[in-house]
Amino acid sequence: MKTASPFLELDTAAPQGTVWFDGAPLDLPLGANLAAALLAAGVAVFRHTPATGAPRGPFCMMGACFDCLVEIDGVARQACMLEVADGLRITRPRGGGGQR
Amino acid sequence: MNQHDVIVVGAGPAGMAAAATAAGAGLRVALLDEQPRAGGQIYRDVDRVADRRGAILGADFTEGRRLTAGIRRDGIDHVDGAVVWAIEDGFRVSFTRDGCAAQATAPKLILATGALERPMPVPGWTLPGVMMAGAGQILLKQSGMLARRAVIVGSGPLLYLIAAQMVRAGTPPLALVETQTRGDLVRAGRHLAGALRGAGYLAKGLKMLGEIVRARVPRHAGATDIAIVGDDRAKAVTFRSGGRSRSIDCDTVFLHHGVVPNTQAARSIGVAHRWDADQHCFVPIVDAWGATDVDGVFIAGDSAGIGGAEVAEIAGRIAALKAAADLGRLAQADRDRQAAPLRRQRDRQSAVRPFLDAAYPPYAAALSPADTTCICRCEEVTAGDIRTAAGLGCIGPNQAKAFGRAGMGPCQGRYCGLTVTAILAEANGRTPDETGYFRIRPPLKPVTLGELAAMDDGDRDAAE
Ligand code: FES
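Caption draft 1: Spotlight on the overall build of chain B. When helices and strands are tallied, chain B shows 20 helices and 23 strands. Against the 2.2 N^0.38 benchmark of 23 Å for 464 residues, chain B shows a C-alpha radius of gyration of 22 Å, consistent with a compact globule. Based on the C-alpha atoms only, the size of chain B along its principal axes is roughly 65 × 50 × 40 Å. Split into buried and exposed, the 464 residues of chain B put 59% on the buried side. Across chain B, the fraction of contacts at a sequence separation of at least 24, relative to all contacts at a separation of at least 6, is 67%. Total accessible area on chain B stands at roughly 17800 Å², and carbon and sulfur atoms take up 51% of it.

Here it is as structure tokens:
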């Protein structure tokens, strides 16, 4: 499911592992920053906001903004603070659209 | 984790220098840092990537290896991947690492939590594909990634650094959309004599500008009415410059108009802050050693006020000398003798700041955004919501929470706090100091019950 990436990657030699993003397999470099690797793989939207369901993607890449939140094993985690590990099952938090 | 003499939070230039200096004085240091490897944001991952892309990132980056080498020594427990979520008196610092909570204790605390980028709320800034310029830097440093079709928007030296690095890597940005005006530069002129004491810095800036010009990257100065358009991701930047409306198609937008101290940890333990009108942000009140009004707590580096990497390193060393002397591990005369040359160095390195602050002020329309612009990314509160709250008698940011949840999302106001203060201050005709800031309470970062349950009891006993 490698879509056209808006990013050029300088390092391409790293061994790859498979993660599952919303049920679809993605081959990503093992040990890479998870948010960066997802962006490089063409994933732009990481989640939808609880309030209005607006799309969000990584914004700060340093653990401060929480816009890169994804769900791993049912727990919301900051993708920019994680590394790619083989077999990660990632789901995109679904927005509520005015549930508040 | 055993009892230490000092806990340093943050392994950027200030934290690494503080840890090395403290250990040099014989102190046992716990150096807690969120990232898997030391360096902070400025030297992110420097040990791993300096050889690979030092040519793109430049000598100011690879220089960081000197500091990372300095913390590989006896007396320093560098705890990587440690996300600090609470600091209690004493001091007891709670953090999570690898899915487990743990604690460290020490009588002295040096906060070196660095900077955050100044929030830049413009229409469309929440769209995927829009990032802070610092995020672009992190993608390049840590992951070797470059945006193929990027527009860089805002003001400040970092704009030129990131553009020059993109040029060197063969993917120049599509354009620089700059918000500073000729008038700003003229006003900055009165600081030029001072800035020339830090002439090396200015020379580097001119060299970067030269690289950008030679690569024919279009520059639009004095930009206003900046917005990012797109449905589910950024498609273009629109703005006015030179009396014309313009639009540039792109995939990625890097925003930047300065950095501000990351004050979350300091605020959570009650350190007093004041408004710094020149840097348009709150800074903790510290003395010449970096000591705060909370006994035993020091703040060093950009988290005490923006000075850049060199100043941060020096401030880290100065704070550590004071901490060591206060613990009776360094004679006062030795402390003063070692600090004197560092102070002179710091003054020289700081000389360029007033010029930079004046030449590259924040983008005015992002300090006081239009009513419809989203200012709280987490809870999707608009500038108009805050103004409505002010109209209903809301004086300070903590009251504003009751009206619209601004600052109550997971980022705890990191990217809306200064905007909320600025809007309320303006609407109520009060100063930022009178208006105040969000009250910051632990947990500073989310911690799960599972992580708490996994707290290692042996750890806890040792800490007590
Ligand atoms: S991108 Fe900001 S927290 Fe991950």
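Caption draft 2: Looking closely at the sheet that holds strand 17 (residues 252-256) of chain B. Residue and element names in this part refer to chain B. If you walk across this open sheet you meet the five strands as 9-17-11-12-13, and the pairing is parallel. If you trace the sheet from one side to the other, it starts and ends with strand 9 (130-132) and strand 13 (219-220), each paired once. Two strands pair when backbone bridges link them, and strand 11 (residues 150-154) and strand 12 (residues 175-178) are joined in this way by four bridges, in the parallel orientation. What sits directly across from G154, in strand 12, is E178. Along the sheet, helix 5 (residues 133-143) makes contact with strand 9 and strand 17, crossing strand 9 at roughly 85 degrees.

Caption draft 3: Looking closely at the nonpolar core. L34 of chain A together with L109 and L111 of chain B are the most contacted members of the largest nonpolar core, which totals 184 residues. It is helix 11 (residues 309-326) of chain B that contributes the most residues to this core, 11 residues altogether. Once residues lying within four places of it in the same chain are set aside, the contact partners of L34 of chain A are L28, I72, A79, L82, E83, V84, L88 and I90 of chain A.

Caption draft 4: Inspection of the sheet that holds strand 4 (residues 83-88) of chain B at higher detail. All names here are of chain B. Overall, antiparallel pairing links the three strands, which are arranged 4-5-6 in an open sheet. Each having just a single partner strand, strand 4 and strand 6 (100-105) make up the two edges of the open sheet. The mean inter-strand angle of the sheet, taken between neighbouring strand axes irrespective of direction, is 25 degrees.

Caption draft 5: Region of interest: the packing of aromatic side chains. The tally for this structure, following the rule as stated, stands at six aromatic pairs over all chains. Both rings, one in F59 of chain A and one in W125 of chain B, keep their centres 5.6 Å apart while their planes meet at 85 degrees; by these two values the pair is edge-to-face. In this pair, F59 of chain A is assigned in the loop between strand 5 (55-56) and strand 6 (69-72) and W125 of chain B in the loop between strand 8 (115-117) and strand 9, connecting two distinct chains. Here F59 of chain A matches W125 of chain B in class, with each residue buried. Relative to Y415 of chain B, the ring of F59 of chain A lies with its centre 5.7 Å away and its plane at 85 degrees, an arrangement referred to as edge-to-face. Here Y415 of chain B lies in the loop between helix 16 (397-404) and helix 17 (417-428) and F59 of chain A lies in the loop between strand 5 and strand 6, a pairing that spans two chains. Taken individually, F59 of chain A and Y415 of chain B each receive the classification buried, so the pair is uniform in this respect. Linked through ring pairs, W275, F282, Y437 and F438 of chain B together constitute an aromatic cluster. Lying over the aromatic face of W289 of chain B, R343 of chain B brings its terminal NZ or CZ to 4.3 Å of the ring centre. Just above the ring of F59 of chain A sits the side chain of R377 of chain B; from NZ or CZ to the centre is 3.5 Å.

Caption draft 6: Structural view of the environment of I248 of chain B. All names here are of chain B. Within the fold, I248 resides in strand 16 (residues 244-249). Of the residues examined, I248 reaches a relative accessible area of 15% and is grouped as buried. Measuring from C-alpha to C-alpha, the distance between I248 and K235 comes to 8.6 Å, with 13 residues separating the pair along the chain. Excluding residues within four positions of it along the chain, I248 makes contact with V151, L174, A175, V177, H220, K235, A236, V237 and F239.

Caption draft 7: Main features of the pattern of salt bridges. Residues and elements named next belong to chain B. Counting across every chain of the model gives 29 salt bridges over all chains. D251 is paired through a salt bridge with R149; the nearest N and O atoms lie 3.0 Å apart. On the criterion of sequence distance, the pair formed by D251 in the loop between strand 16 and strand 17 and R149 in the loop between strand 10 (145-147) and strand 11 is long-range, its members being 102 residues apart. Here D251 falls in the partly exposed class, since its relative accessible area comes to 22%.

Caption draft 8: Representation of the pairing of strand 15 (residues 236-241) of chain B. Residue and element names in this part refer to chain B. Two elements, strand 14 (residues 224-229) and strand 15, share four bridges in a ladder whose sense is antiparallel. In the sheet register, A227 faces strand 15, and the bridge partner there is T238. The antiparallel hairpin formed by strand 14 and strand 15 contains six residues in its connecting segment, where G230 sits at a positive phi of about 155 degrees. As paired elements, strand 15 and strand 16 share six bridges and run antiparallel to each other. Pairing of A236 across the sheet is with D249, part of strand 16. Between strand 15 and strand 16, which pair antiparallel in sequence order, lie two residues; one of them, G242, sits at a positive phi of approximately 60 degrees.

The rules behind these values
Residues numbered from 1 in each chain as written. Chains lettered and ligands numbered in written order. Predicted model: local features only at pLDDT ≥ 70, side-chain atom pairs only at ≥ 80, totals over all residues. Heavy atoms only, no water. Helix = DSSP H or I, 4+ residues; strand = E, 2+ residues; numbered from the N terminus. Rg over C-alpha atoms; globule rule 2.2 N^0.38 Å. Buried < 20%, exposed > 50% of the residue type's maximum accessible area, 1.4 Å probe, protein only. Contact = heavy atoms within 4.5 Å. Areas by Shrake-Rupley, 256 points an atom, 1.4 Å probe, with all protein chains shown as cover. Pairing = 2+ DSSP bridges. Axes fitted to C-alpha atoms, helices over the stretch in contact; angles between N-to-C directions. Core = buried A, V, L, I, M, F, W, Y, C linked by side-chain atoms within 4.5 Å. Phe/Tyr/Trp six-rings, centres within 6.5 Å; stacked < 30°, edge-to-face > 60°. Lys NZ or Arg CZ within 6 Å of the ring centre and 35° of its normal. Salt bridge = Lys/Arg side-chain N within 4 Å of Asp/Glu carboxyl O.

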